[in-house]
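Summary of the model geometry
Here are the chains, one letter per residue:
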Amino acid sequence: MSETMHVSGTVQPRSPHQLRFNRKQPGTPPPRLDVPVRREFVHRPFADDILVTSWRRLDESHFSLTAQWPHDHGYFAPNRGRHHLILTGETIRQAGLLLSHTELGVPVGHHFILGDLVYTTHPEHLAVGSGPTSLTIDVTCSKMRMRAGAMAGGRFDMTIRKAGRIVATGHSSVTVTSPAVYRRIRGERLAARRTLAPLPAPVPPRLTGSVSDSDVLLSPTDRPDRWLLRVAPGHAAVVNPANDHVPGMVLLDAAQQAARILTVPDGFVPYAFGTDFRRYAEHDGPCVIEARRISSALPCSTTVQVTGSQGGHPVFVSTLTALDPRR
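Here is a short report on the structure shown in this document. (Residues numbered from 1 in each chain as written. Predicted model: local features only at pLDDT ≥ 70, side-chain atom pairs only at ≥ 80, totals over all residues. Heavy atoms only, no water.)

Between its first and last C-alpha atoms helix H5 (residues 248-262) spans 21 Å; for 15 residues at 1.5 Å apiece the expected length is 21 Å, and the two agree. Among the 15 residues in H5, 14 count as buried, and that is most of the element. (Helix = DSSP H or I, 4+ residues; strand = E, 2+ residues; numbered from the N terminus. Expected span 1.5 Å × (residues − 1). Buried < 20%, exposed > 50% of the residue type's maximum accessible area, 1.4 Å probe, protein only.)

Another point: the packing of aromatic side chains. Applying the stated criterion to the full structure yields three aromatic pairs. A centroid spacing of 5.8 Å and a plane angle of 55° characterise the contact between Tyr119 and Phe273, whose relative ring orientation is tilted. Here Tyr119 is found in strand E4 (residues 111-121), whereas its partner Phe273 is found in strand E10 (residues 272-277), with 154 residues between them in sequence. Residue classification places Tyr119 among the buried positions, given a relative accessible area of 1%. The ring of Tyr280 has Arg186 lying over it, and the distance from NZ or CZ to the ring centre is 4.3 Å. (Phe/Tyr/Trp six-rings, centres within 6.5 Å; stacked < 30°, edge-to-face > 60°. Lys NZ or Arg CZ within 6 Å of the ring centre and 35° of its normal.)

Looking at soluble globular proteins, one finds that nonpolar side chains tend to be buried together. In this structure, Leu65, Val139, Phe156, Leu229, Ile289 and Val306 are the most contacted members of the largest nonpolar core, which totals 70 residues. In terms of residues, this core owes the most to one element, H5, which gives nine residues. Among residues more than four places away in sequence, those in contact with Leu65 are Val52, Ser54, Trp55, Ala95, Leu98, Leu99, Leu135, Thr136, Ile137 and Val139. (Core = buried A, V, L, I, M, F, W, Y, C linked by side-chain atoms within 4.5 Å. Contact = heavy atoms within 4.5 Å.)

Here we take up the side chain of His171. Of note, His171 is situated in strand E7 (residues 165-177). Since its relative accessible area comes to 11%, His171 is described here as buried. A polar side-chain atom of His171 sits 3.3 Å from a polar atom in the side chain of Asp116. (Polar contact = N/O pair within 3.5 Å; in protein donor to acceptor, adjacent residues only side chain to side chain.)

A few words now on the pattern of salt bridges. Tallying each qualifying case throughout the model produces 14 salt bridges. With a closest N to O distance of 2.8 Å, Arg186 and Glu282 form a salt bridge. With Arg186 in helix H3 (residues 179-186) and Glu282 in the loop between E10 and strand E11 (288-294), the pair connects residues that are 96 residues apart, well separated along the chain. Taking the relative accessible area as the measure of exposure, Arg186 reaches 6% and is therefore buried. Taking the relative accessible area as the measure of exposure, Glu282 reaches 13% and is therefore buried. Here Glu282 and Arg189 are joined by a salt bridge, their closest N and O atoms 3.6 Å apart. Note that Glu282 is positioned in the loop between E10 and E11 and Arg189 in the loop between H3 and helix H4 (205-208), a separation of 93 residues in sequence. For Arg189, a relative accessible area of 33% puts it in the partly exposed group. Among the charged side chains, a network of salt bridges with common partners joins Arg186, Arg189, Asp244, Glu282 and Asp284. (Salt bridge = Lys/Arg side-chain N within 4 Å of Asp/Glu carboxyl O.)

Right under this line is the structure:
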C-alpha cells in the first residue's frame with residue numbers, strides 16, 4: 001500500500017530550512033517551531049487536512065512534533081463527543097512522512113509503501129472541545145534502513161499527548177522506493193485513475209456514522225457482513241486525485257465503517273485499531289470488504305476483524321477492539 005504525492009510546478013519555500021534535508025552531525029539542532037509544514041511533506045493536497053504543525057530533532061532517533069486535531073472538520077466528524085478514530089492513524093501517517101522528508105533524506109516525489117499501522121487510543125482523553133485540540137507527539141525511529149544517506153525503510157513509534165496526558169500510542173512501518181523503482185513495480189497501473197462510472201448505492205449514512213452519502217465507503221451486497229468498496233470522486237479528505245490506487249486511509253475508514261455496521265445496535269466505538277497491508281487496492285476492480293466478530297483478548301470487550309480482497313487476493317486485514325457499552 002503506497003502513499004504517493006505527485007508535485008507539479010515549483011513551490012517557493014517560506015524558510016530556507018524547507019528545502020534542506022538534515023545533513024548535520026549527531027546532536028540537537030535548533031527547534032523548527034516557526035516553520036510551516038508544507039503539503040508535500042505530509043502528502044495532503046489541501047492545507048485544511050494537515051494535522052502536524054511543527055517538528056524538531058531531539059537526537060539521532062528521537063523527535064518531538066506538535067499537531068492539531070480539528071473540532072469541526074467536514075469529514076473527520078466527532079463521534080459521541082470524541083475525536084474521530086481515524087484522526088490518530090492519519091496523524092501517525094503524517095508524522096512519519098514529515099520526518100522522512102525533512103530529517104531522514106527522502107526526496108519529495110519518492111513513494112512510501114505502508115506495511116502496517118497500529119494504534120491504541122485512550123477514549124477518556126479524546127473529548128472534543130470548542131476549538132482545535134493541541135497535541136504533542138514523541139517519535140522514536142527504529143529498524144531504519146538507509147541507502148545513500150536517505151531512509152529506505154523503518155518503523156516510527158509514537159506517543160501522542162494532550163496537556164501531558166497520553167491520548168494514543170502506535171506505530172507505522174514503511175518502505176520507501178524511488179520513482180524509477182515505483183514505475184517498475186506498478187507498470188501499466190501507474191497511469192490508472194478512478195473512473196467516473198456511476199457509484200453503487202451506499203449503505204445508509206446513519207449506520208456508518210457518516211455525514212452524507214458521499215462519505216459512505218461501503219455499498220451493500222446480498223450478505224449483511226459483506227460490502228463493496230465505493231469511493232465518491234472528488235472526496236479530497238481521503239483521496240488524492242493523483243493516486244494510481246486506493247489510498248490506505250480510505251481502506252482504514254472503510255474498515256471502521258464495516259465494523260460499525262456489523263455491530264449495530266451495540267454502539268461499537270473502537271479504541272484500538274491495527275491494520276496490515278498486503279497489496280495495492282486497484283481502481284479497476286471491485287474490492288470486497290468483509291467483517292466478522294472474533295475472540296477478544298480482553299474481558300468485557302468486542303473485537304471485529306475486517307478484511308479487504310480484490311480478485312481473490314487479500315488487500316488488507318484490520319482488527320478493531322471496543323469496550324462493551326455497559327462499561
